[in-house]
Amino acid sequence: MTITDPISDMLTRLRNAIAVKHTVVKLPYSKLKLAVLEILSKEGVISEVNKVGRGVAKSLEVTLKYDDNGMPLIHELERISKPSNRVYLKANEIYSPKNRYGFYVISTSKGLMTSKDARKNHLGGEVLLSIW
């Protein structure tokens, strides 16, 4: 089975794990997925991400974060820019989704960053996904 959009696959696996209240999710490894997950970890919506294995068997283990009531810190994950429909924003067009409760992950010329960091650095780019 070939996956045409690995980011969408990753988001679906995370949504499914959150729906059944799993604490750890195992994902196929890629540098892009690792960079996105490190941003999520830095923003505090997941606990940690670890590389496991070597070579072809390399994967990512993501530890999800829940509050004291058992509710996930990730409420919604949405893929914005897709292989069939790329979405780009200029620096002055970037805003926070969901009335400032969420953020975008944006691929800029300086690497992946959140919408807040991209706006602060006056950088535009491809909007990969939104989280709130």
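The model shown is predicted, which means the values in this text are computed figures rather than measured ones.

Undergrad: So what exactly am I meant to see when it comes to the side chain of Glu 126 here?
TA: Examined against the element boundaries, Glu 126 turns out to sit in strand 8 (residues 125-131). Given a relative accessible area of 12%, Glu 126 falls into the buried group.

Undergrad: When you look at unusual backbone geometry in this model, what are you seeing that I'm missing?
TA: In terms of backbone geometry, most residues other than glycine have negative phi values and most peptide bonds are trans. Non-glycine residue Lys 21 carries a positive phi angle of around 60°. Positionally, Lys 21 belongs in the loop between helix 1 (6-19) and strand 1 (24-28). The phi torsion at His 122 lies on the positive side, around 55°, for a residue other than glycine. Relative to the helices and strands, His 122 resides in the loop between helix 4 (115-120) and strand 8. Here His 122 falls in the exposed class, since its relative accessible area comes to 65%.

Undergrad: Help me out: how do you make sense of the packing of aromatic side chains in this one?
TA: Aromatic rings considered in pairs are described by the distance between their centres and by the relative angle of their planes. Here the structure, examined in full by the defined rule, presents 1 aromatic pair. Between the aromatic rings of Tyr 95 and Tyr 104, the centroid separation amounts to 5.8 Å while the plane-to-plane angle is 85°, which identifies the pairing as edge-to-face. The residue whose ring lies beneath Lys 58 is Tyr 29, and the NZ or CZ to ring-centre distance is 4.5 Å.

Undergrad: I'm lost on the sheet that holds strand 1 in this one. Help?
TA: Paired through backbone hydrogen bonds, the strands of a sheet run either parallel or antiparallel to each other. Spatially, the 3 strands line up as an open sheet ordered 1-3-2, and their pairing is antiparallel. The sheet is open, and its two borders are formed by strand 1 and strand 2 (46-52), each paired with just one other strand. On average, each strand axis in the sheet is inclined to that of its neighbour by 20°, with strand direction left out of account. The pairing of strand 2 with strand 3 (residues 59-64) spans 6 bridges and is antiparallel. Counted as the bridge partner of Val 49 is Val 62 from strand 3. On top of the sheet, helix 1 reaches strand 1 and strand 3; it is set at about 165° to strand 1, its chief contact. Lying over the sheet, helix 2 (residues 31-43) contacts strand 1, strand 2 and strand 3, oriented at roughly 150° with respect to strand 2.

Undergrad: Just to check I follow, could you spell out the packing of helix 1 against helix 2 for this structure?
TA: Pairs of packed helices are described in terms of their axes, by the angle between the two and the distance that separates them. Two elements in contact, helix 1 and helix 2, have axes whose closest approach is 10 Å; the angle formed by their N-to-C orientations is 45°. As judged from the angle between their axes, helix 1 and helix 2 are oblique. Here the hand of the crossing between helix 1 and helix 2 comes out right-handed. Between helix 1 and helix 2, the residues in contact are Pro 6, Ile 7, Met 10 and Leu 14 and Leu 32, Lys 33, Val 36 and Leu 37, respectively. Across the contact of helix 1 with helix 2, the residue classes tally to 7 nonpolar, no polar and 1 charged.

Definitions and cut-offs
Residues numbered from 1 in each chain as written. Predicted model: local features only at pLDDT ≥ 70, side-chain atom pairs only at ≥ 80, totals over all residues. Heavy atoms only, no water. Helix = DSSP H or I, 4+ residues; strand = E, 2+ residues; numbered from the N terminus. Buried < 20%, exposed > 50% of the residue type's maximum accessible area, 1.4 Å probe, protein only. Phe/Tyr/Trp six-rings, centres within 6.5 Å; stacked < 30°, edge-to-face > 60°. Lys NZ or Arg CZ within 6 Å of the ring centre and 35° of its normal. Pairing = 2+ DSSP bridges. Axes fitted to C-alpha atoms, helices over the stretch in contact; angles between N-to-C directions. Contact = heavy atoms within 4.5 Å. Parallel < 35°, antiparallel > 145°, perpendicular 65-115°, else oblique. Left-handed = near helix turned anticlockwise from the far one by under 90°. Nonpolar A, V, L, I, M, F, W, Y, C, P; charged D, E, K, R; others polar.

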